[in-house]
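Survey of secondary and tertiary structure
One letter stands for each residue in the lines below.
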Amino acid sequence: MSTRIPPLVESYLALPPSSLVLITSVLGASSNWLVLRFLHHALLKQGEDAQNETKVLLMSFIRNLAFWRENSRRLGLDLDKLIASKKFAFVDGLSGLFSPNQAPTTRSGEILLRDSELSYVSGELQQSIRSLSEGGGKVIMIIDQLDLLLAAGGDQVSVEGVCDKLLELRELVHATVMTVSADQPLVEVRQTPLETNHSAFLLGLAHQADLAMSLRLLDSGTARDVSGVVRITAGGQAAESGKSLERDLLYFVGGDGVVRVFERGQ
Amino acid sequence: MSFRKRSVVVSQPGIIAAVSKDEKVAVPGVRPSPLDGRATISTGTRSLDGLLAGHAGLALGTSLLIEESGTTDFGGVLLRYYAAEGVVQGHHIHCLGVSEAWARELPGVAAAGGKSSRSEEKKPVDDKMKIAWRYERLGEFGVGAARERGAPHTSNSSGSATPIFCHDFDLSKRLTLPSTAQLHFTATQTGSILDSSDDPTNSPFTKFISQLSTILSSSPNYIHRVIIPTILSPALYPCNSSQPAILLQFLHGLRALLRKYPSQLTAMITLPLTLHPRNTGLTRWMELLSDGVLELAPFPSTAISAKTAPGASAMHEEPPQGMLQVHRLPIFHEKGGGGGEASGFGDDLAFALSRRKGLVIKPFSLPPVEGDAEAQGGRPDSASAKATKFDIEY
């Protein structure tokens, strides 16, 4: 089982209490494989006693449960079973957020967001965190592409509002993993409100984070056996306390979903 | 059709499950991906099908964003092929922003396509003998493409059992729309231009999304193709449509529908890059919300005629009319993306549009240097002039 997680990354998947891990991705170098490794690491290594059990709340704004279900099955995780045993909950921010005529949710542990209003979103999240943490155990919150809510939410969603709600939610959980896009046009240009909001949000997160993992494409073009580069650095929070960390690793995602992570020249 | 009938006869009368499974396979224009067996449909352009990360078609439940710089409309041609293939296969077509007149200009099915494709199949083998070893990599791409090309035809020649996956179209012909064709058109102008610009909440997209979702939920056995030509073009869309809240909510809603009906729906969108350059946040969000992103960069028209002469005379093939860049491929990049194998991701790709072959995408290679052609004992001027004329003619 441990071979499914690349050894070089494994040490970073452990989440210390009240930590924030920021994963940034760009077009062509998606963060999904890394999120799946976090899921795998948290859910598969279960302790015997219920108090130390790890539970995961996954909220995804541009991918639905079918995607996560299919890809985590390759890693040996059965999300449906985990939902049934209340170790995993999914908040769907894709299917109902901006499209009409959606049937209401039928199952517990799988929540469909139907509005982009911020207090509603955080209310749903709080509720599912509470229902997950019933019976002890620590809850890990993974939010996939919260930046979409900021970009598409319009006037009802502001950077300050999102950051405030995020802090409130982080108080309720053991640790948080966030994935955010960090494409150059979204971060560097800063001309339209869309771009300024995005870069403000991302910078704010980077300062709060304990660990930042940024994925990008290979700078020197494409190669057959390299999908991209993952740069692992201490976030703003950890840097203040004097810890320093900086690694640049290459990764390769095979067609079968197997991921290799290796140093340059290895 | 005959395939279905035979299986009904052979299978025992009691087995209902098997029959219903067969019916699913028999949806016209759908074939399983050779990689993982998921259902794919053809984009109507063979070389584009071959480009999509080894799936040999556009996987159902995914979308393609085709960006194009300059004033040409190669992306629009790709959309027309995509629509024409859909009409021929009996799929539902949903167009946003254009009227019925657009559908009257779809390319018609080429007559006697079998002969030309058979001669094409032989060609790569000949080519391989001639090319130097250092072009082996480019050759591989060609072989892969030839396999794509070959597969439907060989099965076709063995009997009419398997239907054609991707038809040959002729740009000079017009497709006669059958009376059963399911074409849906939605206008984007929600009222008079002056009215809509005042009301920021008046989205030109909401009607389209709600219509699409009702049609999808009411007809579960059909394949649907969504076509959105030149999204955000001021000629078709009111000015409030490029507000992030309105546009991204629409694309997010479309993505939700694609994921909700993963065996029924695909979408293709073209975006004029000159109006919305790639270094803006809005364009990047549009790309992030699409499954596949291709960028067409046509050469300036003067460059075409200058390059025609050596290119066409030396290799007997279309000179490239522009470069194609792959920024993202459906499914492939969602998983994390592998290397460049079989995907063309990061390769230098060029495209050429011709009347019969449609849009052909192939690895870009520079034509021989002018001096070389002269050293080979230059050709008479009339030959090159002819080639130029033919190319401009389409």
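What comes next concerns the included structure. (Residues numbered from 1 in each chain as written. Chains lettered and ligands numbered in written order. Predicted model: local features only at pLDDT ≥ 70, side-chain atom pairs only at ≥ 80, totals over all residues. Heavy atoms only, no water.)

Right, let's talk about the overall build of chain A for a bit. The number of helices and strands found in chain A is 10 helices and 10 strands. Burial analysis of chain A (266 residues in total) assigns 56% to the buried set. The long-range fraction of contacts in chain A, counting pairs at least 24 apart against all pairs at least 6 apart in sequence, stands at 67%. (Helix = DSSP H or I, 4+ residues; strand = E, 2+ residues; numbered from the N terminus. Buried < 20%, exposed > 50% of the residue type's maximum accessible area, 1.4 Å probe, protein only. Contact = heavy atoms within 4.5 Å.)

Along the chain, A:Asn64 falls in the loop between β2 (54–60) and α3 (65–73). On the accessibility criterion, A:Asn64 (9% relative accessible area) is buried.

Once that is clear, we can look at the packing of helix α9 (residues 193–208) of chain A against helix α11 (residues 281–288) of chain B. Two elements in contact, α9(A) and α11(B), have axes whose closest approach is 8 Å; the angle formed by their N-to-C orientations is 70°. Considered as vectors, α9(A) and α11(B) are oriented roughly perpendicular to each other. On α11(B), the residues touching A:Leu194, A:Glu195 and A:His198 of α9(A) are B:Gly281, B:Leu282 and B:Trp285. (Axes fitted to C-alpha atoms, helices over the stretch in contact; angles between N-to-C directions. Parallel < 35°, antiparallel > 145°, perpendicular 65-115°, else oblique.)

Quick look at unusual backbone geometry now. Of note in this structure, A:Ser18 is not a glycine but carries a positive phi near 50°. Even without being a glycine, B:Leu232 presents a positive backbone phi close to 70°. Residue position: B:Leu232 is located in the loop between β9 (224–228) and α10 (244–260).

Residues and elements named next belong to chain B. As summarised here, the arrangement of the 9 strands in space is β8-β5-β9-β10-β4-β11-β12-β13-β14, forming an open sheet in which the pairing is mixed. With partners counted over all chains shown, the strands left at the sheet margins are β8 (182–186) and β14 (358–363), one partner each. Strand-to-strand twist of the sheet, defined as the mean angle between neighbouring strand axes without regard to direction, takes the value 20°. Bridge count for strand β4 (residues 63–68) against strand β10 (residues 265–272) is 6 bridges, and the pairing is parallel. Bridge pairing links Leu64 to Met268 in β10. Lying over the sheet, α10 contacts β4, β5 (92–96), β9 and β10, oriented at roughly 155° with respect to β10. (Pairing = 2+ DSSP bridges.)

All names here are of chain A. Reading across from one edge, β4-β3-β2-β5-β6-β1-β7-β8-β9-β10 is the order of the 10 strands in this open sheet, with mixed pairing throughout. In the strand order of this sheet, the two ends are held by β4 (110–112) and β10 (259–262), each with one partner. Averaged over all pairs of adjacent strands, the angle between strand axes in this sheet comes to 15°, irrespective of strand direction. Here strand β5 (residues 138–144) runs beside strand β6 (residues 175–181); their pairing, made up of 5 bridges, is parallel. Within the sheet, the bridge partner assigned to Ile142 lies in β6 and is Val177. In the packing of helix α7 (residues 159–172) onto the sheet, contacts are made with β1 (19–25), β5 and β6, and the angle to β5 comes to roughly 150°. Across the sheet, α9 is in contact with β1 and β6; its angle to β6 comes to roughly 145°.

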